[in-house]
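The chain contents come next:
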Amino acid sequence: MTGTLDEFRAEASAWIAANKSHAPRDYGAICPPDLIDAGVAWQRRIFDAGWAGLHWPAEHGGRGLTPAHHAVWVEECAKAAVPPVLNMVGLVLAGGAVMAFGDDAQKERHLRATLGAEHVWCQLFSEPGAGSDLASLSTRAELDGDRWVVNGQKVWCSGGRCSNWGILMARTRLDGAKHEGISFFLCPMDSPGIEVRPLRQMTGEAEFDEVFFTDAEIPAGSLIGPLHGGWGVGMAVLTNERGHIGASVIGLERRIESMAELGRGAGLDATGRQDLARQLSRGIAFKAMAQTQGPVASTASSLMKLGITEMMFDVAMIRGDISGADAMLSGPDAAGMLAAPGGRIAGGSSQVQRNIIGERLLGLPREPK
């Protein structure tokens, strides 16, 4: 590609418009279980047309372009309300880990297959006793000859039952600082000893899974990055999760428009209108923050995550107030209120975001351990 970014944007926009009818709805970062077939088909269409992994090396299925080209692609997909990739875990986290830390054999095995949706990935990080404090994880991986034997439990795993590969963080050493004894693995999900169970939420859905490892055996070559150095690998790839500012602004604009629509109905009294105006003001402030942040993740990411999470929680409650007693029964407003608390946990809990803001932005003393 030798043209300008504007020419590239026009090309991307035209292709998306011509192929949008084949795309599932824009489901966000994680493909839900009921859309996995449509998501895989869409990713393969993207790959076949040369739009997958734009900034990945050509020898691994990409086009060797720049991150700016990829950002344009993500923004144009957001405008058209189609997914830019099948699954953030695979195309951003797993792909990023293999690209940065994998050996030649791992790159050859996984990168092109991930772009073409032959390898579908889930994330095996959080545990019942180690969610926000990931360094406290207790799942063990012990080397036994030419294999690792894994025992433990993971939870809040998105797409576990739909994936054939997972990125796994497990403890490989018990002594020393807790974050220094963790290693990072590429885990085949069909390994004997791995059991995946859907995790039912209070909304009645089962978007997530819990995964049990009972003497599960994975090959010695599953280790990626240095032994006991998985914390650094994990933190490096999680930083990539905070990118794509342009697309996030488009999504936030749609939320603001949706909030404004609430004020055009007859369901709000003066107090309700004041509450809604407060949320609209917050949304516009977060939009301005996102536009000034730049492409590199910073403490502003925590301000955005915390603020938008709390804003959307409050808006869900306003929608419930408008619906009245009906919102206590069923329907989209009831479902929204039930789902709203989950936003305070997903993607880094609100408590952790407050710690980051307090310690790194405000310079407050670190939380006692």
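Quick notes on the rules
- Residues numbered from 1 in each chain as written.
- Predicted model: local features only at pLDDT ≥ 70, side-chain atom pairs only at ≥ 80, totals over all residues.
- Heavy atoms only, no water.
- Helix = DSSP H or I, 4+ residues; strand = E, 2+ residues; numbered from the N terminus.
- Buried < 20%, exposed > 50% of the residue type's maximum accessible area, 1.4 Å probe, protein only.
- Contact = heavy atoms within 4.5 Å.
- Salt bridge = Lys/Arg side-chain N within 4 Å of Asp/Glu carboxyl O.
- Core = buried A, V, L, I, M, F, W, Y, C linked by side-chain atoms within 4.5 Å.
- Phe/Tyr/Trp six-rings, centres within 6.5 Å; stacked < 30°, edge-to-face > 60°.
- Lys NZ or Arg CZ within 6 Å of the ring centre and 35° of its normal.
- Pairing = 2+ DSSP bridges.

A.B. asks: I would appreciate a short explanation of unusual backbone geometry in the present structure.
C.D. replies: Residues apart from glycine generally show negative phi values, whereas peptide bonds are mostly found in trans. Phi at A81 takes a positive value of approximately 60°, unusual for a residue other than glycine. Its location among the elements puts A81 in the loop between α3 (67–80) and α4 (88–101). Residue classification places A81 among the partly exposed residues on the basis of a relative accessible area of 31%. Located in the positive-phi region is A117, a residue other than glycine, with phi close to 65°. Position of A117 among the secondary structure elements: in the loop between α5 (104–115) and β1 (121–124).

A.B. asks: Is there a simple way to think about the environment of R109 in this case?
C.D. replies: Of note, R109 is situated in helix α5. Sequence separation between R109 and H119 is ten residues, and the spatial gap between their C-alpha atoms is 9.6 Å. Ignoring any residue separated from it by four or fewer positions in sequence, one finds R109 in contact with H119 and W165.

A.B. asks: Whenever I open this one, the pattern of salt bridges confuses me. Can you help?
C.D. replies: A side chain of one charge can pair with a side chain of the opposite charge when the charged atoms of the two come close. All chains considered together, the criterion is met by 15 salt bridges. For E127, the salt bridge identified is with K154, shortest N-O distance 2.9 Å. Here E127, found in the loop between β1 and β2 (140–144), pairs with K154, found in strand β3 (residues 147–158); they are 27 residues apart in sequence, far enough to count as distant. The burial state of E127 is the same as that of K154; both residues are buried. Here R278 ties to D275 by a salt bridge, and the two come within 2.9 Å at their closest N and O atoms. Here R278 pairs with D275, and both are found in helix α8 (residues 270–293), just three residues apart, close to one helical turn.

A.B. asks: When you look at the nonpolar core in this model, what are you seeing that I'm missing?
C.D. replies: Counting residues in each nonpolar core, the largest one holds 43 residues, and the members touching the most others are W51, W73, I167 and F184. Sorting the residues of this core by element identifies α1 (5–19), α2 (36–48), α3, α4, α5, β4 (165–171), β5 (182–188) and α6 (230–239) as the ones contributing at least two each. The contact partners of I167, leaving out residues within four places of it in the chain, are V89, L93, A94, W121, C122, Q123, L124, F125, F184, F185 and L186.

A.B. asks: Explanation requested: the packing of aromatic side chains in the structure shown.
C.D. replies: Each aromatic ring pair is characterised by the separation of its centres together with the angle its planes make. What the rule picks out here adds up to nine aromatic pairs. Ring geometry for W15 and W51: centres 6.2 Å apart, planes at 45°, overall tilted. You can see W15 sitting in helix α1 and its partner W51 sitting in the loop between α2 and α3, a full 36 residues away along the chain. Of the two residues, W15 and W51, both sit in the buried class. For the ring pair W156 and F208, a centre distance of 5.7 Å and an interplane angle of 90° mean the geometry is edge-to-face. Note that W156 is positioned in strand β3 and F208 in strand β7 (residues 208–219), a separation of 52 residues in sequence. Overall, W156 belongs to the partly exposed group, its relative accessible area being 47%. Overall, F208 belongs to the partly exposed group, its relative accessible area being 21%. Directly above the ring of F212 sits R197, whose terminal nitrogen or CZ lies 4.0 Å from the centroid. Sitting above the plane of the F313 ring, R344 keeps its charged end 3.7 Å from the centroid.

A.B. asks: I'm lost on the pairing of β5 in this one. Help?
C.D. replies: The side chains of a regular strand alternate between the sheet's two faces. Where burial is concerned, most of β5 is hidden: seven out of the seven residues are buried. The two faces of β5 match: I182, F184, L186 and P188 on one face and S183, F185 and C187 on the other face are all buried. Two strands pair when backbone bridges link them, and β4 and β5 are joined in this way by seven bridges, in the antiparallel orientation. Paired with W165 across the bridge in β5 is P188. Here β5 pairs with strand β8 (residues 223–224) via two bridges, running antiparallel. Across the sheet, F184 pairs through a bridge with I224, a residue of β8.

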